[in-house]
Amino acid sequence: QVLLVESGGGLVQAGGSLRLSCTISARWTYAMGWFRQTPGKDREWVAAISATGEIKEYEDSVKGRFSISRDNAKYTTSLQMNNLRPEDTAVYYCNQAPDTQIMMTRHPRDFDSWGQGTLVIVSP
């Protein structure tokens, strides 16, 4: 079972920035992605990066504000979040998939495992 550990969440005012990190224990040749979930809503995909880092995809509401990256030497992926909005408040999770398209379209329940997530709270 793949181990995923997210970190970097916190409380920030609207317009502020946070940087989330995720460490993964296996399959580093896979695409990586970030998701978020708020109470009462399904977990939604936010961003994805291919195994080589050449392809990056973003959900429309975060385009131009969030930036995904990966450090293959450290087995980590990061999500730089700028100009945060109250509607970005959620628990953020990372995961992996064979490619970015699968990451974007696979239902959250179809992933093998999830980490504990990291909570981001954006105050008005």
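Scroll up for the structure.
Each value, and the rule that gives it
- Sequence order as written defines the numbering, with residues in each chain counted from 1.
- Owing to the predicted nature of the model, reporting of local features is limited to residues with pLDDT of at least 70; listing and counting of side-chain atom pairs is limited to 80 or more, with chain, interface and lining totals taken over all residues.
- Based on all heavy atoms of the structure, the side-chain values leave hydrogens and waters out of the count.
- Sulfur atoms of two cysteines make up a disulfide when they are within 2.5 Å.
- Secondary structure is summarised from DSSP: a helix means a run of H or I of at least four residues, a strand means a run of E of at least two, and numbering begins at the N terminus for each.
- Note on classification: 1.4 Å probe, protein chains only; a residue is buried when its accessible area is under 20% of the maximum for its type, exposed when over 50%, partly exposed between these limits.
- Residues belong to a common nonpolar core when they are buried Ala, Val, Leu, Ile, Met, Phe, Trp, Tyr or Cys residues joined through side-chain atoms within 4.5 Å.
- Any two residues whose heavy atoms approach within 4.5 Å at even a single point are treated as in contact.

Visitor: Hey, could you run me through the state of the cysteines in this one?
Guide: Per the counting criterion, the structure on display carries one disulfide. Disulfide partner of C22: C94, at an S-S distance of 1.9 Å. Linking C22 and C94, the disulfide has an S-S dihedral of approximately 60 degrees and is accordingly described as right-handed. Of the two residues, C22 sits in strand β3 (residues 18-24) while C94 sits in strand β9 (residues 90-97), which places them 72 residues apart along the sequence. Accessibility assignment for this pair places C22 and C94 in one class, buried.

Visitor: Looking at this model, I keep getting lost on the nonpolar core. Mind explaining?
Guide: For soluble globular proteins, nonpolar side chains are generally found buried alongside one another. Residues W34, F66, L79, M81 and Y92 are the most contacted members of the largest nonpolar core, which totals 25 residues. Every element with two or more residues in this core is listed here: β3, β4 (31-37), β5 (44-49), β7 (66-71), β8 (76-81), β9 and β10 (118-123). Among the elements that make up this core, the one with the highest residue count is β3 (four residues). With sequence-adjacent residues up to four places away left out, F66 is seen in contact with R36, V46, Y58, L79, Q80, M81, N82, L84, D88 and Y92. Counting seven residues, the second-largest nonpolar core is a separate cluster that includes F35, W45, A97 and F111.

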